[in-house]
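# A look at the structure
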Amino acid sequence: MRRVRRLKTGGVVVGRMAKGCRLCILGAKMVLFITGLCDLNCYYCPISYKRRGKDLIYADEVLVEKDEDIIREAKLIRALGTGITGGEPLMVPERVLYYINLLKEVFGKKHHIHLYTYGRNLDESLMGKLAEAGLDEIRFHADIENSTLWERVLIAKGFDWDIGVEIPAIPGKLNQTKKLIDYFHDIIYFHFYCNCIFYGIAMGSSNAIYYRAICWVYFIRVWAYLYNLCIFKIID
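Only a predicted model underlies this, so the values are computations on that prediction, with no experimental measurement involved. (Residues numbered from 1 in each chain as written. Predicted model: local features only at pLDDT ≥ 70, side-chain atom pairs only at ≥ 80, totals over all residues. Heavy atoms only, no water.)

### A word on the overall build of the protein
Here is the rule: Numbering of helices and strands runs from the N terminus; a helix is a DSSP stretch of H or I covering at least four residues, while a strand is a stretch of E covering at least two. When accessible area is computed with a 1.4 Å probe and restricted to protein chains, residues below 20% of their type maximum are described as buried, those above 50% as exposed, and intermediate ones as partly exposed. Two residues form a contact once any of their heavy atoms are found within 4.5 Å. Only the protein chains shown count as covering a residue, and every accessible area follows the Shrake-Rupley method with a 1.4 Å probe.
A count of helices and strands for the protein gives seven helices and ten strands. Going through the 236 residues of the protein one by one, you find that 44% of them count as buried. Partitioning the intrachain contacts of the protein with sequence separation of at least 6 by distance along the chain shows that 72% fall at a separation of at least 24. Accessible area for the protein stands at about 12600 Å²; split by element, carbon and sulfur atoms hold 54% of it.

### Digging into the state of the cysteines
Put plainly, two cysteines are in a disulfide when a covalent bond ties their sulfur atoms together. To keep things clear, this is the line we draw: Throughout, disulfides are identified as pairs of cysteine sulfur atoms within 2.5 Å of each other.
Here the structure, examined in full by the defined rule, presents zero disulfides. A disulfide-free cysteine, C24 has its sulfur positioned 6.4 Å from the sulfur of C21, the nearest such atom. Residue C24 is classed as partly exposed on the basis of its relative accessible area of 40%. C42 forms no disulfide, and the closest cysteine sulfur to it belongs to C38, at a distance of 6.2 Å. For C42, a relative accessible area of 25% translates into the label partly exposed.

### Re the pattern of salt bridges
Convention followed: What makes a salt bridge here is a side-chain nitrogen of Lys or Arg within 4 Å of a carboxyl oxygen of Asp or Glu, nothing more.
Under the counting rule described, the total for this entry stands at eight salt bridges. Here the salt bridges share partners, and the residues they tie into one network are K66, D69 and R72.

### Structural notes on the packing of helix α2 (residues 67–76) against helix α3 (residues 93–107)
Which entries qualify depends on this criterion: Here the axes come from fitting lines to C-alpha atoms, over the contacting stretch only for helices, and the angles between their N-to-C directions go from 0 to 180 degrees. We call two directions roughly parallel when the angle between them is under 35 degrees, roughly antiparallel when it is over 145, roughly perpendicular when it lies between 65 and 115, and oblique otherwise. Each helix crossing is assigned a hand: it is left-handed if the near helix lies turned anticlockwise from the far helix by less than a right angle, otherwise right-handed if that turn is clockwise.
With their axes 11 Å apart at the nearest point, α2 and α3 run at an angle of 50 degrees to one another. It follows that α2 is oblique to α3 by the angle criterion. Taken as a pair, α2 and α3 cross one another with a handedness that is right-handed. Touching D67, I70, I71, A74 and K75 of α2 are Y98, Y99, L102, L103, V106 and F107, all from α3.

### Digging into α3
Cut-off, in case you're wondering: One fewer than the residue count of a helix, multiplied by 1.5 Å, yields its expected span.
When the terminal C-alpha atoms of α3 are compared, their 21 Å separation across 15 residues agrees well with the 21 Å that a helix rising 1.5 Å per residue should span. For α3, the set of buried residues is V96, L97, Y99, I100, L102, L103 and K104. Against the buried residues of α3 lie β3 (29–35), α2, β6 (81–86), β7 (112–117) and α4 (124–133). G108 occupies a position one or two residues after α3 and carries a positive phi of about 95 degrees.

### Let's talk about the packing of aromatic side chains
Let me state the cut-off plainly: Think of it this way: a Phe, Tyr or Trp ring, Trp meaning its six-membered ring, pairs with another when their centres are within 6.5 Å, and the plane angle makes it stacked under 30 degrees, edge-to-face over 60, tilted otherwise. Here, a charge over a ring means that NZ of Lys or CZ of Arg falls within 6 Å of the ring centre while also lying within 35 degrees of the ring normal.
Counting across every chain of the model gives six aromatic pairs. Plain terms: the ring middles of Y98 and Y99 are 5.1 Å apart, the flat faces sit at 75 degrees to each other, and that makes the pair edge-to-face. An angle of 55 degrees between the planes, with centres 5.1 Å apart, marks the rings of W150 and Y183 as tilted. Placement of the pair is W150 in the loop between β8 (137–141) and α5 (151–156) and Y183 in helix α6 (residues 174–184), with a sequence separation of 33 residues. A residue is classified by how much of its surface remains accessible, and W150, at 3% relative accessible area, is buried. Judged by its relative accessible area of 30%, Y183 falls in the partly exposed class. Each member of the aromatic cluster is reached from another via a ring pair, and the members are W150, Y183 and F184. Directly above the aromatic system of Y58 lies the positively charged group of R51, at a separation of 3.9 Å from the ring centroid.

### Topic: the pairing of β8
Threshold: A pair of strands is considered paired only if DSSP assigns at least 2 bridges between the two. The handedness rule is simple: strands pointing away from the viewer, and a clockwise path from the first strand over the helix to the second, make the crossover right-handed.
Of all five residues making up β8, four are buried, and the element is well covered by its neighbours. As judged from the four bridges shared by β7 and β8, these two strands associate in the parallel manner. Bridging from a neighbouring strand, H114 pairs with E137 of β8. The β-α-β motif built from β7, the intervening α4 and the parallel element β8 has right-handed crossover chirality. Each parallel crossover has a hand, and the one from β8 via α5 to strand β9 (residues 162–169) is right-handed.

### Observations concerning the environment of C42
Summarising the element assignment, C42 is placed in the loop between β3 and β4 (58–59). On a C-alpha basis, the gap between C42 and D143 in space is 9.7 Å, while along the polypeptide they are 101 residues apart.

### Focus: unusual backbone geometry
Most peptide bonds take the trans configuration, and most residues that are not glycine carry a negative phi. With a phi close to 55 degrees, D60 is a non-glycine residue in the positive phi region. Looking at the secondary structure, you find D60 in the loop between β4 and β5 (62–63). You can call D60 buried: its relative accessible area is 17%. We note that R78 has phi near 55 degrees; this positive angle belongs to a residue other than glycine. Along the chain, the position of R78 falls in the loop between α2 and β6.

Given below as structure tokens:
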């Protein structure tokens, strides 16, 4: 049985942690918010209204107006990698490809880049372009209530990158969560992780403490299921 390790950040991990996560914990990743556009309307979306639905680019908290803004921020924080997020980054695929190429050109192939997507705008042709540009890791935000896009993850197996699946820990969705875990845990055998993101509750809500307690109970139940399956097969 694999040893469960508790992280200083408060999380837990079984097996080897994904490289993108290791760099984030070290504070060595720049967050490239590449657009606030998204054609979904997830009720748990954590994106602020300042950015949501707006076609803006941020390097960490710096509003990007030119390429030099991104390069400067990466140098200032001594970034060893970049996480590309949004919105849905693949609403602007050419922009994503451009910045992957730019970052690899300036900082070298060892600059680790991972991308978040829910996959609707991702086909095999675009996967090939992303892989060719040097994308190191792709993380799918799989819809636990709609399995129609899950097969995109299987297609992604044909490319030379690490693959992950991240899902939100939403109270009341335990059966749907189990279904997704059962679908993926034997398929993505070389790299699988499930990052149970807490269901977003506004800090100012009078019910915040109550809902956070529910989230913790739910998180523990999901974690127990993951642990019993021993699905964490994370490698570099």
